[in-house]
Amino acid sequence: MVKPVKRRQASPQHIENLWGAINYIRQQKQIPNMERISKYMEREYEMRYSDTANQLHYAVMDGLVKSYRAKGSKGSKVGVEQEGFRVPIPELDNEEEEENQIDGHDWYCFYCHKGGEMLLCSSCWRVYHPACTEEDYSGVRFVCSICQENEAGRKRNKLKKLELNTLLEYTVKRLKEKTRELHKLCAKEDEKLLLCFLYNPMDLNIMEAKTFEEGYKFLEEFHADALNVLHNVVLCYGEFDEMAELALIMVKDCTYDIDEIKLCSDCYKLSNAKPKDWFCQPCDPPHELVWAKQKGYTYWPAKVIVRTDDKYDVRFFGNFHQRATIPESSIKPIETSLKTLAVKRTQGFVKSCQELEKHQRFLEKRKLDGWKAETSDKEEDAFEEAANENEEDIPDVKRVKEQKKKKKKDKSHKNNKKKEKLKREKKDRKGRKARKREIEQEDTVILEVSSEEDEERAEKRRRKSQKTYTRLKSKTDEHGNSWDMITSSINESRHRQSALSPEDANLVTSSEDHPHSQARVVSVAHVATQTSKKPTNKLPSKSTQTDMVEPSVSAPAAATECDCDEKYAKIMEDLSRRLEEHHATERENALDELSDKMQKEFEEDKQQAIARAIGNMEREVELASQQAEDKCKEQYMKEMKKLAQKHKENVSQTKKKQWCFNCEEEAMYHCCWNTSYCSTKCQQEHWHKEHKKVCRRKRN
């Protein structure tokens, strides 16, 4: 059985009061002896002489107050040797302090923060009173509850060291925002003295530094440091101080955040980092999707964070991603049709459904990619951590580690190739989109030209077609067959326009001698001409060429039948319609975004205004209650003074009167030295009853 060991006896708060008394007496140029210290403690803290003597004795035994012998130099104590006390000086008393810390355990109970006989933990520096722990200490070793929780947390920890410390960085930042007083426990001038109480100094700044250095290996270790902060605060400031209440709130917030990390580390990380579409990103493993109905609201899409018995802890899709606990009766599967749920399609509901669809798309993409690579990486990392811990026991660890590193490099090389391919495809898509935008811009530029410019351009095209016609005509001397192809293509275009004459119905419209010339002359098929040519297999002579050129006079006449106005009018109508539709959608999207932004700002302003109003009301109520209490107290004291004065006067008046010895009424007739009567009747009754035997009145 583990036996309790006596540690420090003095209370830290009493020690601080004794230090204040000693410093005050030394400022008066006097020796701080027992008599002066007890008077100061009685005057300032209403502490009795015996309690002061006991606490001072314990402080000297614990080494927190130093005693010495000195001779008085003032008043009646001149030359008289007396015992004095002083505050320990860290620079002079370092050796003794080091001796006190050799045993490696704290001086105060980690649960109640007081001194006395303690059980020393075999695994850490913490100590407990036998009444303050529920752990078994009947064996050879005593292991505290903190160490047991740390060991269990180390075994079930699945987070990597870097990821764990990244999550804890967010936790420390949240704690520091709420409790700024706990960033550093004490000022520099008090730090050296207060460190006499703190075996393991800890504050939020130290915890943050440990997260930056990746000093935490599991969550329970971080929680133990938070409890250590509470322990140190109570030792420095007392159990009922405001700082102790603040530290207790900090520990509760820390416990809540650690529970959230245990539920889903991905959700905790995304909710703090808040990347784009963070709520749509799927977790590993993914959460169950449901329709959840809160009282007073319609069914809403949500993620199930955790399920306990018949209740679901869910987080809703939408603007604020609020969280609630919903009974099982108000939960429907996500496959349920919206018609059966009879929901109102408000703006917020539509936005939440869009977010749900995006989440489902991300989830499908993740399922297609698979989590095999991630799980294999986790297994490899776990194997590496185990190998690092047991490197001395496993002879082939280095070889296995090298193999794993090679596999990782191969995987990373493949992943890089995939990424490069995706980048190229993305770049091609961007190029196609850019070209499409350029074409659309060109179309819009063309369609914005006025009707007068269209007519001028039509005239220019007519003149250009005539020039092209004459140029091609001049080249027919060298390439007769090409001219046949040109005329045939022109005739085909005339056939499509249903403007052919009966004479030209039997003209040759194709040539098999030059199959590639057709593609070369299609670009001039818009030239409106009429040619009359006789079918022949020989190359045309100069005379035939001149015959073919003669009918070209009708080209300008055909060009006058151009339908550009109608074509551009249709294009303009289509463009205006598309622009109106695009403008309507853009306007609708802009209005939706603006309304969402205004709604969000309104909600934030509303919450701030409510918080300010509640704070002002609380302050006003507190002030009014304080004033009413002071007023009632003042009236009560006045009434008590009046009643006391009246009572005093009544007592005085009563003492001045004489009272009947028989009936205790106010007396009128005096008989002897202590006997009086209110009437003769009472006098006669009392006389015959007993007074005649003891009456001292002289008889004549």
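Notes on the structure in this doc start here. Keep in mind the model is a prediction, meaning the values are calculated, not measured. (Residues numbered from 1 in each chain as written. Predicted model: local features only at pLDDT ≥ 70, side-chain atom pairs only at ≥ 80, totals over all residues. Heavy atoms only, no water.)

### Examining the nonpolar core
Judged by nonpolar contacts, the single largest core of 69 residues is most densely connected at Ile 37, Cys 144, Leu 182, Phe 197, Met 207, Phe 222 and Met 250. Of all the elements, helix α9 (residues 219-237) adds the most residues to this core, at eleven residues. Setting aside residues up to four positions removed in sequence, Ile 37 forms contacts with Leu 18, Ala 21, Ile 22, Ile 25, Pro 32, Thr 52, Leu 56 and Phe 85. Counting 24 residues, the second largest nonpolar core, distinct from the first, contains Trp 278, Tyr 312, Ile 326 and Leu 356. (Core = buried A, V, L, I, M, F, W, Y, C linked by side-chain atoms within 4.5 Å. Buried < 20%, exposed > 50% of the residue type's maximum accessible area, 1.4 Å probe, protein only. Helix = DSSP H or I, 4+ residues; strand = E, 2+ residues; numbered from the N terminus. Contact = heavy atoms within 4.5 Å.)

### What about unusual backbone geometry?
In this structure, the amide linkage connecting Asp 284 to the following residue, Pro 285, adopts the cis form with an omega of 0°. Of note in this structure, Lys 29 is not a glycine but carries a positive phi near 60°. The exposure class of Lys 29 is exposed, given its relative accessible area of 67%. If you check the backbone angles, His 113 has positive phi at about 65° while not being a glycine. With a relative accessible area of 13%, His 113 lands in the buried category.

### Section: the packing of aromatic side chains
Tallied over the full model, the rule gives twelve aromatic pairs. Between Phe 110 and Tyr 128, the aromatic rings sit 6.3 Å apart at their centres with planes inclined by 70°, giving edge-to-face as the arrangement. With Phe 110 in the loop between α4 (94-100) and β4 (117-120) and Tyr 128 in strand β5 (residues 127-128), the pair connects residues that are 18 residues apart, well separated along the chain. Neither residue differs from the other here; Phe 110 and Tyr 128 are each classed as buried. Pairing Tyr 216 with Phe 222 gives two aromatic rings, centres 5.3 Å apart and planes at 75°, and the pair type is edge-to-face. (Phe/Tyr/Trp six-rings, centres within 6.5 Å; stacked < 30°, edge-to-face > 60°.)

### Focus: the sheet that holds β4
With respect to topology, three strands assemble into an open sheet ordered β1-β4-β5, the strand pairing being antiparallel. The strands lining the two open edges of the sheet, one partner per strand, are β1 (5-6) and β5. As defined by bridge partners, β4 adjoins β5 across two bridges and the pair is classed as antiparallel. Bridge assignment links Leu 119 to a residue of β5, and that residue is Tyr 128. (Pairing = 2+ DSSP bridges.)

### Re a nonpolar patch on the surface
A surface patch of nonpolar side chains, amounting to about 410 Å² of accessible area, comprises Tyr 636, Met 637, Met 640 and Leu 643. With respect to the secondary-structure elements, Met 640 resides in helix α21 (residues 564-656). Note on Met 640: relative accessible area 39%, which makes it partly exposed. (Patch = residues over 30% accessible without salt bridge, like charges linked within 9 Å, V, L, I, M, F, W, Y side chains within 5 Å. Areas by Shrake-Rupley, 256 points an atom, 1.4 Å probe, with all protein chains shown as cover. Salt bridge = Lys/Arg side-chain N within 4 Å of Asp/Glu carboxyl O.)

### Some words on the packing of helix α1 (residues 12-27) against α9
Between α1 and α9, the least distance of the axes is 7 Å, while the angle of their chain directions is 40°. With respect to their mutual orientation, α1 and α9 come out oblique. Contacts between α1 and α9 involve Pro 12, Gln 13 and Glu 16 on the former and, on the latter, Val 234, Leu 235, Cys 236 and Tyr 237. Broken down by class, the residue content of the contact of α1 with α9 amounts to five nonpolar, one polar and one charged. (Axes fitted to C-alpha atoms, helices over the stretch in contact; angles between N-to-C directions. Parallel < 35°, antiparallel > 145°, perpendicular 65-115°, else oblique. Nonpolar A, V, L, I, M, F, W, Y, C, P; charged D, E, K, R; others polar.)

### Considerations on the pattern of salt bridges
Per the stated rule, a full pass over the model turns up 19 salt bridges. Ionic pairing is found between Glu 208 and Lys 176, a salt bridge with its closest N-O pair at 2.6 Å. Placement of Glu 208 in helix α8 (residues 204-212) and of Lys 176 in helix α6 (residues 161-178) is noted, with a sequence separation of 32 residues between them. Of the two residues, Glu 208 and Lys 176, neither departs from the other in class, the shared state being buried. Through salt bridges with shared partners, a single network forms among Arg 156, Glu 220 and Lys 262.

### Focus: α9
Helix length check: α9, at 19 residues, gives a terminal C-alpha distance of 28 Å against a target of 27 Å (1.5 Å per residue), a fit within 8%. Backbone geometry just downstream of α9 places Gly 238 in the positive-phi region, at approximately 100°. (Expected span 1.5 Å × (residues − 1).)

### A short note on the environment of Val 350
Structurally, Val 350 is set in helix α13 (residues 347-369). For the pair Val 350 and Gly 318, spaced 32 residues apart in sequence, the C-alpha to C-alpha distance is 8.7 Å.

### A few points about the sheet that holds strand β6 (residues 288-293)
An order of β9-β8-β7-β6-β10 is seen for the five strands of this open sheet, with the pairing classed as antiparallel. Two strands close off the open sheet at either side, each with one partner strand: β9 (323-327) and β10 (331-333). Mean inter-strand twist for the sheet, computed between neighbouring axes without regard to direction, equals 50°. Sheet topology places strand β8 (residues 311-316) next to β9; five bridges connect them, and they run antiparallel. Each bridged residue has a counterpart across the sheet, and for Arg 315 the counterpart in β9 is Arg 323. Packed onto the sheet, α13 meets β6 and β7 (299-308) and runs at close to 55° relative to β7.

### Notes on a positive patch on the surface
Side chains of Lys 426, Arg 429, Lys 430 and Arg 432 sit close together on the surface and give a patch of like positive charge. When you line up the elements, Lys 430 lands in helix α15 (residues 397-447). Classification of Lys 430 as exposed rests on a relative accessible area of 52%. (Lys, Arg positive; Asp, Glu negative; His and termini not counted. Charge placed at Lys NZ, Arg CZ, Asp CG, Glu CD.)

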